[in-house]
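These are the residues of each chain, in order.
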Amino acid sequence: MLQFLKYVLATFVGIILFVFLSFVIIGSIGAALSSEEKATISEKSVLKLDLNQPIREVGVDNPLSEFGLPFTGEETVVGLKDILDALKSAQNDDKIKGIYLKTEGPEAGWATLEEIRHQLLEFKKSKKFIVTYGESYSEKGYYIASVADKIYLNPAGGIEWNGLSAEYSFFKGTFDKLEIKPLVFRVGEFKSAIEMFSRQDMSEASKKQSIELIGAINNNFLKNISASRGVPVDQLKNLADSLAVENPKSALKYKFITHLGYQDELETALKKELKVDADKSISYVGVSKYLDGSNTPEKGDFNKRIGVLVAEGEITSGDGGDENIGSDKFVKELKEIRENDKIKAVVIRINSPGGSALASDVMWREIQITAKKKPVIASMSDVAASGGYYMAMGCDTIVAQPNTITGSIGIFGLIFNVTDFMNNKLGITFDGVGTSPHADWPTATREMTEFEKSMIQKSVNEGYETFTRKAAEGRKMSVEKLKSLAQGRVWSGVEAKQNGLVDVLGGVDDAIKIAAKAAKLNEGDYRVRYYPEKKRPLDEMIDKFLGSNEEKATNKALGDLAPYVKMYQKLMNMGGMQTRMPFELVIR
């Protein structure tokens, strides 16, 4: 009886605590979401630009994160757009005296960093200072830090300066052990996306394009650092080859940094420059707070807009999600933009390695329809390859950063024969009936005949012909010339500009200006709107709650197998023909 009463009491207390926490959470949500009071920006403020986090095209406001309540998600996600907007506004804001950079190891692609770096250089025209402190700098981090007037490095820290590299994983050995047979159908010497399943190392064609790609990105990287630091490109190359930048003292010796020192020493120097008393704190303001408190009036006619439609992630059919591009959702958004008479031109902002060939073609068609009604400009971010390029080639003009990864014009199909795996490893066999010899085709549970395989290859060939024909029409070049640039090969933005796959080198702002000019809009006479619009904080909180719980449940149930199941799910999403990057590329 006492045990029963103990459980009843515990349950009662639990219910009370739950109700209490619910009221606290709801009250906090209401306060955070209903507050209309703008943040106050103090005089002698310093914009604190923290890039040591993942950077997406468009950020997510999450005012609940500061309360530390359950299920409110992580800190606010700062988007590239927010960073650029803050830098532009701060350049002419008398309250902002300079920028403090935190850029030890930014989690962003090279083109995203290029956009930020360019805007920082624009900010320097205001004659305001830019300073940075790091305990260490990756090469990506130093690419941004190199624009600063004062670069502090912790005396016990270091700089990564050994050249760029790209490493790929191969799973043929795994599939051999599991007795799973990947069946590969492709067109193009360089369409090496499937090499991770069929080889144990890179093919010569894959090595060739990879070397040339990272070489082009490295050349742009060195050229810009040379201009900022006053160190010749050849010397920068030699220092990387010889690993001469081995410690903070050598970094100072070779002019990579301006000061060896700790963060408190940097802040002491900043206080002197700002004329702030030594016992006072520096008024730092982050990007989100600054944008919230900035009083910069929006310029331009409300009835004249440039719509920027963001397409970020892998391409799939359906609605997609936050981390991929669903063709149905994209088509719906673009149709609404096309039918909105206030929007005079469109910029498609693409950051995608590709994906479903069918979904890519569906979106290409909608872009073509829109281009007949109003100007449509493509703006390439970190990567706009394969299916990402498929989208871009339907636009009037293509703009890319010098270090954008693009091209990869090719098609492949992938089917796994799991018969031996299921039979020999799991003891599962298959049998069935059909109304014709090929009723179960294509199939993963029996060996397909050569005729059946040839039919799949035929579809891949036809898909490639469609891709190259439409690309040639969009680029206004012969199919023969286009095919010489295709075959699945990837190019840097610089190379793509040289061979005609890209029209202009620049960022999203350049694409917006080109769109405005095409729509005959004068500078300052229009407004820019991004689509889809930012999620409301409450929606984002719910999404994070549901998503994080689902992921935690999966990880708990599968344990060490979770990463392999995720890879399997990704492979299963490669249904149908794929216009996808030839490899999972991470340049570091």
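Residues numbered from 1 in each chain as written. Predicted model: local features only at pLDDT ≥ 70, side-chain atom pairs only at ≥ 80, totals over all residues. Heavy atoms only, no water.

### Considering the overall build of the protein
- The number of helices and strands found in the protein is 21 helices and 20 strands.
- Residues classed as buried in the protein amount to 47% of the 588 residues present.
- Considering only intrachain contacts with a sequence separation of at least 6, the fraction spanning at least 24 residues in the protein is 75%.
- If you sum the accessible surface of the protein, you get close to 29100 Å²; carbon and sulfur atoms cover 53% of it. (Helix = DSSP H or I, 4+ residues; strand = E, 2+ residues; numbered from the N terminus. Buried < 20%, exposed > 50% of the residue type's maximum accessible area, 1.4 Å probe, protein only. Contact = heavy atoms within 4.5 Å. Areas by Shrake-Rupley, 256 points an atom, 1.4 Å probe, with all protein chains shown as cover.)

### Things to note about helix α13 (residues 357-371)
- Taking 1.5 Å as the rise per residue, α13 with 15 residues should run 21 Å; its terminal C-alpha atoms sit 21 Å apart, in good agreement.
- At the N-terminal boundary of α13, the capping side chain belongs to Ser-356, with an oxygen 3.3 Å from the backbone nitrogen of Leu-358. (Expected span 1.5 Å × (residues − 1). Polar contact = N/O pair within 3.5 Å; in protein donor to acceptor, adjacent residues only side chain to side chain.)

### Some words on the packing of helix α7 (residues 204-229) against helix α8 (residues 233-241)
- Between α7 and α8, the least distance of the axes is 9 Å, while the angle of their chain directions is 115°. As α7 runs across α8, the sense of the crossing is right-handed. Listed contacts from α8 to Asn-219, Leu-222, Lys-223, Ile-225 and Ser-226 of α7 are Val-233, Leu-236 and Lys-237.
- Among the residues forming the contact of α7 with α8, the class breakdown is 4 nonpolar, 2 polar and 2 charged. (Axes fitted to C-alpha atoms, helices over the stretch in contact; angles between N-to-C directions. Left-handed = near helix turned anticlockwise from the far one by under 90°. Nonpolar A, V, L, I, M, F, W, Y, C, P; charged D, E, K, R; others polar.)

### Structural notes on the sheet that holds strand β6 (residues 259-260)
- Sheet architecture is open: 6 strands sit in the order β6-β4-β3-β2-β1-β7, paired in parallel fashion. Each having just a single partner strand, β6 and β7 (283-286) make up the two edges of the open sheet.
- For strand β4 (residues 150-159) and β6, the ladder comprises 2 bridges, and the chain directions are parallel. Pairing of Tyr-152 across the sheet is with His-259, part of β6.
- Docked against the sheet, helix α10 (residues 263-274) engages β1 (45-50), β2 (96-102), β3 (129-137), β4, β6 and β7, running at close to 175° with respect to β3. (Pairing = 2+ DSSP bridges.)

### Considerations on the pairing of β4
- Across 6 bridges, β3 lies against β4 in parallel orientation. Each bridged residue has a counterpart across the sheet, and for Gly-134 the counterpart in β4 is Leu-153.
- Handedness of the β-α-β unit built from β3, helix α4 (residues 139-145) and β4 comes out right-handed. (Right-handed = clockwise from strand over helix to strand, strands pointing away.)

### Remarks on helix α12 (residues 327-339)
- Taking 1.5 Å per residue as the helical rise, α12 with its 13 residues ought to reach 18 Å, and the 18 Å between its terminal C-alpha atoms agrees with that figure.
- Residues of α12 that are buried: Ser-327, Phe-330, Val-331, Glu-333, Leu-334, Ile-337 and Arg-338. Seen from one end, α12 has its buried residues packed into an arc of 165°, which puts them on one side. (Arc of directions from axis to C-beta.)

### Thoughts on the nonpolar core
- Residues Leu-120, Ile-159, Trp-161 and Phe-256 are the most contacted members of the largest nonpolar core, which totals 74 residues.
- Contacts of Ile-159, omitting those with residues within four sequence positions, involve Tyr-137, Tyr-142, Leu-153, Val-245, Ala-251, Phe-256 and Ile-257.
- The next biggest cluster of nonpolar side chains, apart from the first, holds 50 residues, and it includes Ala-359, Met-363, Met-393 and Ile-456. (Core = buried A, V, L, I, M, F, W, Y, C linked by side-chain atoms within 4.5 Å.)

### Re the pattern of salt bridges
- In this structure the tally under the stated criterion is 24 salt bridges.
- Across the salt bridge formed by Asp-509 and Lys-88, the nearest N and O atoms sit 2.8 Å from each other. Of the two residues, Asp-509 is situated in helix α19 (residues 508-518) and Lys-88 in helix α2 (residues 80-91); the sequence distance between them amounts to 421 residues.
- In this structure Asp-509 comes out as partly exposed when scored by relative accessible area, which is 23%.
- Its salt-bridge partner being Glu-212, residue Lys-208 comes within 3.1 Å of it at the nearest N-O pair. Residue Lys-208 and its partner Glu-212 are located together in helix α7, separated by 4 residues, close to a single helical turn.
- Judged by its relative accessible area of 30%, Glu-212 is partly exposed.
- Salt bridges sharing common partners tie together Lys-181, Asp-420, Glu-447, Glu-450 and Lys-453. (Salt bridge = Lys/Arg side-chain N within 4 Å of Asp/Glu carboxyl O.)

### Focus: the packing of α12 against α13
- Direction vectors running N to C along α12 and α13 enclose 5°, while the axes themselves pass 9 Å from each other. One finds that α12 runs roughly parallel with respect to α13. For the pair α12 and α13, contact is made by Ser-327, Phe-330, Val-331, Leu-334, Lys-335 and Arg-338 and by Ala-359, Val-362, Met-363, Glu-366, Ile-367, Ile-369 and Thr-370, respectively.
- A per-class count over the contact of α12 with α13 returns 8 nonpolar, 2 polar and 3 charged. (Parallel < 35°, antiparallel > 145°, perpendicular 65-115°, else oblique.)

### Quick notes on the packing of aromatic side chains
- Applying the stated criterion to the full structure yields 13 aromatic pairs.
- Considering the side-chain rings of Tyr-142 and Trp-161, the 6.1 Å spacing of their centres and the 85° angle between planes classify their relative orientation as edge-to-face. Residue Tyr-142 is located in helix α4, and its partner Trp-161 is located in the loop between β4 and α5 (172-178); the two are separated by 19 residues in the primary sequence. Trp-161 carries the same exposure label as Tyr-142, and that label is buried.
- An angle of 35° between the planes, with centres 4.5 Å apart, marks the rings of Tyr-390 and Phe-467 as tilted. Placement of Tyr-390 in helix α14 (residues 387-392) and of Phe-467 in helix α16 (residues 450-475) is noted, with a sequence separation of 77 residues between them. Residues Tyr-390 and Phe-467 agree in their burial class; the two are buried. (Phe/Tyr/Trp six-rings, centres within 6.5 Å; stacked < 30°, edge-to-face > 60°.)

### Examining the confidence of the model for the protein
- Per-residue pLDDT for the protein has a mean of 85; in total, 80% of the residues score no lower than 70.
- Per-residue pLDDT stays below 50 along residues 31-36; that stretch engages in 6 contacts with residues further than four places along the chain or on separate chains.
- Of the regions scoring below 50 in pLDDT, residues 66-74 engages in 17 contacts with residues more than four places distant in sequence or in other chains. (pLDDT = per-residue confidence, 0-100.)

### Focus on the pairing of β2
- Most of β2 is tucked away, with 6 of its 7 residues classed as buried.
- As judged from the 6 bridges shared by β1 and β2, these two strands associate in the parallel manner. Along β2, the bridge assignment pairs Asp-50 with Lys-102.
- With helix α3 (residues 110-124) bridging β2 and the parallel β3, this β-α-β connection has right-handed handedness.

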